[in-house]
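Here is how the chains run, residue by residue.
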Amino acid sequence: MRVVIAGQGYVGLPLAVRAAEVGHQVVGYDVDERRIKRLAVGESYVEDIPGERLRPLLDGGRYLPTADPGDVAGFDVAVITVPTPLRDGAPDLSFIEASAKLLARHLKRGATVVLESTTYPGTTEELLAPLLEAGSGLRAGADFHLGYSPERIDPGNPQWKLENTPKVVSGTTPEGLAAVDGFYGQLVERTVPVSSCKEAELTKLLENTFRHVNIALVNELAMFAHDLGIDVWEAIDAASTKPFGFLRFTPGPGVGGHCLPIDPSYLSWRVERALGQSFRFVELANDVNSHMPDYVVRRLAEALNQRRRSVNGSRVLLLGLAYKKNTGDARETPAARIVELLTRQGAEVRAADPHVVAGVHVAEPHDAGPLATVHRVEATPEELAAADAVVLLADHDEFDYAAVTAHARYVLDCRHRLTGAAVEVL
Ligand SMILES: NC(=O)c1ccc[n+]([C@@H]2O[C@H](COP(=O)([O-])OP(=O)(O)OC[C@H]3O[C@@H](n4cnc5c(N)ncnc54)[C@H](O)[C@@H]3O)[C@@H](O)[C@H]2O)c1
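Residues numbered from 1 in each chain as written. Predicted model: local features only at pLDDT ≥ 70, side-chain atom pairs only at ≥ 80, totals over all residues. Heavy atoms only, no water.

K.L.:
Just checking my understanding: could you explain the sheet that holds strand E16 (residues 423-425) for this structure?
P.N.:
Strand pairs in the sheet, formed through backbone hydrogen bonds, run parallel or antiparallel to each other. Here we have six strands laid out as an open sheet, ordered E13-E12-E11-E14-E15-E16, and parallel in their pairing. Each having just a single partner strand, strand E13 (375-376) and E16 make up the two edges of the open sheet. Here strand E12 (residues 348-352) runs beside E13; their pairing, made up of two bridges, is parallel. Residue pairing in the sheet places arginine 350 in a bridge with histidine 375 of E13. Each of strand E11 (315-319), strand E14 (389-392), strand E15 (411-413) and E16 touches helix H11 (residues 292-306); the most contacted strand, E14, lies at about 155° to it. Packed onto the sheet, helix H12 (residues 334-344) meets E11 and E12 and runs at close to 180° relative to E11. (Pairing = 2+ DSSP bridges. Helix = DSSP H or I, 4+ residues; strand = E, 2+ residues; numbered from the N terminus. Contact = heavy atoms within 4.5 Å. Axes fitted to C-alpha atoms, helices over the stretch in contact; angles between N-to-C directions.)

K.L.:
Sorry if this is basic, but what is going on with the site of the ligand here?
P.N.:
The local shell around the ligand holds 27 residues, among which Val11, Asp30, Arg35, Thr84 and His258 are the closest. Here a nitrogen atom of the ligand sits 3.5 Å away from a polar atom, N or O, in the main chain of glycine 7. Within the backbone of tyrosine 10, a nitrogen or oxygen atom sits 3.1 Å from an oxygen atom of the ligand. Taken by itself the ligand offers 830 Å² of open surface, and the protein chains cover 94% of this. (Near = heavy atom within 4 Å. Polar contact = N/O pair within 3.5 Å; in protein donor to acceptor, adjacent residues only side chain to side chain. Areas by Shrake-Rupley, 256 points an atom, 1.4 Å probe, with all protein chains shown as cover.)

K.L.:
It is not clear to me how the packing of aromatic side chains should be interpreted in this structure. Could you clarify?
P.N.:
Geometry of an aromatic ring pair is reported as the spacing of the ring centres plus the angle between the planes. If you walk through the whole model with that rule in mind, you get four aromatic pairs. When the ring of tyrosine 120 is compared with that of tryptophan 269, the centres are 5.2 Å apart and the planes differ by 35°; the resulting orientation is tilted. Taken together, the residues span a long stretch of sequence, with tyrosine 120 in the loop between strand E7 (112-115) and helix H5 (123-136) and tryptophan 269 in helix H9 (residues 263-275) at a distance of 149 residues. For arginine 35, the ring lying beneath its charged end belongs to tyrosine 45, and the centroid distance is 4.4 Å. Directly above the ring of tyrosine 184 sits lysine 167, whose terminal nitrogen or CZ lies 4.6 Å from the centroid. (Phe/Tyr/Trp six-rings, centres within 6.5 Å; stacked < 30°, edge-to-face > 60°. Lys NZ or Arg CZ within 6 Å of the ring centre and 35° of its normal.)

K.L.:
Just to check I follow, could you spell out the domain arrangement of the chain for this structure?
P.N.:
It is common to report an interface's size as the accessible area lost on association of the parts. Each domain of the chain was delimited in the assignment, giving domain 1 (2-195) and domain 2 (217-425). Averaged C-alpha coordinates put domain 1 and domain 2 at centres separated by 32 Å. Between domain 1 and domain 2, the contact holds 24 residues from the first and 19 residues from the second. Both faces combined, the contact of domain 1 with domain 2 buries some 1600 Å², and carbon together with sulfur accounts for 56% of it. If you sort the residues of domain 1 by the area they bury against domain 2, Tyr10, Leu86 and Tyr120 come out on top, with a joint share of 29%. Between domain 1 and domain 2 we count two salt bridges in total. (Domains from an automatic or database assignment. Buried area = accessible area lost by both parts, 1.4 Å probe. Salt bridge = Lys/Arg side-chain N within 4 Å of Asp/Glu carboxyl O.)

The structure is reproduced here in structure tokens:
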């Protein structure tokens with residue numbers, strides 16, 4: 001089959017590669033020409049897809065990365081994996097709209113279109129279907145199939161990949177569901193059909209809101225436990241031995257990436273719009289998680305104060321700019337806010353992160369400011385020793401943790417990775 005994947009990012013690229021590997025003819029369409037140029041020479045910017053996996057597909061002509069809209073023509077299946085950000089607190093579906101208009105021009109009878117981008121329930125039927133119908137003159141359900149299948153990609157997770165993670169699938173009609181299920185059934189070990197697109201759309205938001213709320217719960221607990229002189233990490237470890245009814249979540253410097261800071265707000269926006277009610281759990285979790293960088297800076301200021309130092313004039317080394325360990329994804333990363341706060345208070349901020357490469361995901365408009373200008377260094381023994389304080393934000397495996405504890409004068413460990421006399425945990 002000829003498959004088009006619109007959007008070649010963290011979600012679209014692994015999907016395109018997998019579809020090509022099972023034997024489809026895949027066009028990876030993206031508007032970002034820099035990315036397409038890199039993909040065309042077998043260079044991947046997504047950690048989970050090494051260049052070695054791309055090159056045989058490119059050489060064999062099974063995968064065509066392209067920024068040319070004309071290459072989209074003639075598809076049997078098209079999947080939309082474009083960004084769905086927030087703009088002034090409201091969903092920005094302009095990327096989905098742009099993809100829909102392009103695909104509509106090339107839509108043929110019997111083809112299947114699937115949306116994977118995270119969005120509020122109703123988007124596939126209320127926004128995507130009318131755009132595809134208007135641009136093609138065909139009718140969804142009658143002339144072409146339409147469905148929604150939420151992505152569960154967990155970048156950097158060595159155990160759960162696209163292939164072995166169950167995939168929820170849906171269609172606007174039983175035939176549409178069968179077409180979507182048939183396509184994904186070739187790519188993953190198990191599909192999970194649900195009865196309509198709205199349930200599939202809600203599934204994704206439920207999963208992300210669940211994580212967001214539980215992370216906020218342990219973050220708030222960590223702040224109170226610290227003030228009460230109780231080791232929250234030990235309590236979390238102990239609670240995690242309960243074989244039922246408890247799931248382990250750990251505190252951190254805040255949430256980042258494309259999902260947690262954004263997706264739950266899609267749900268609360270929808271609830272507010274449709275029902276006139278606020279989704280209190282989401283708002284509370286947003287409030288707690290978005291203030292974690294302020295808490296990190298406050299803890300750092302207190303620690304420096306105990307050492308008769310002020311933030312102003314102190315040299316602070318941040319370890320890890322990505323929002324998550326072992327990835328280079330710095331979108332919405334709490335490190336950006338921490339850099340901004342510390343710099344504003346007069347600290348001399350340096351940062352080490354072997355994964356975050358300037359110009360890849362750091363260049364997102366909202367991150368560009370503080371992260372583009374922070375002084376980047378390697379976490380050498382000299383850098384560690386010269387810092388008044390070291391803050392571990394993302395515990396990448398590449399860092400030499402023995403060197404950190406041996407050379408740093410003071411460490412604020414936001415990930416509970418270190419022990420030692422100079423180490424304090426969040
Ligand atoms: N990253 C994750 O872990 C993850 C997990 C689950 C769901 N999602 C969801 O998947 C969607 C995509 O996320 P991502 O992380 O892959 O984003 P990404 O930014 O890594 O990739 C999106 C790509 O789409 C491209 N693009 C933008 N407009 C386009 C257009 N009109 N046509 C073609 N390409 C276009 C961008 O240039 C970019 O390369 C989002 O809705 C996100 O919420 C992401």
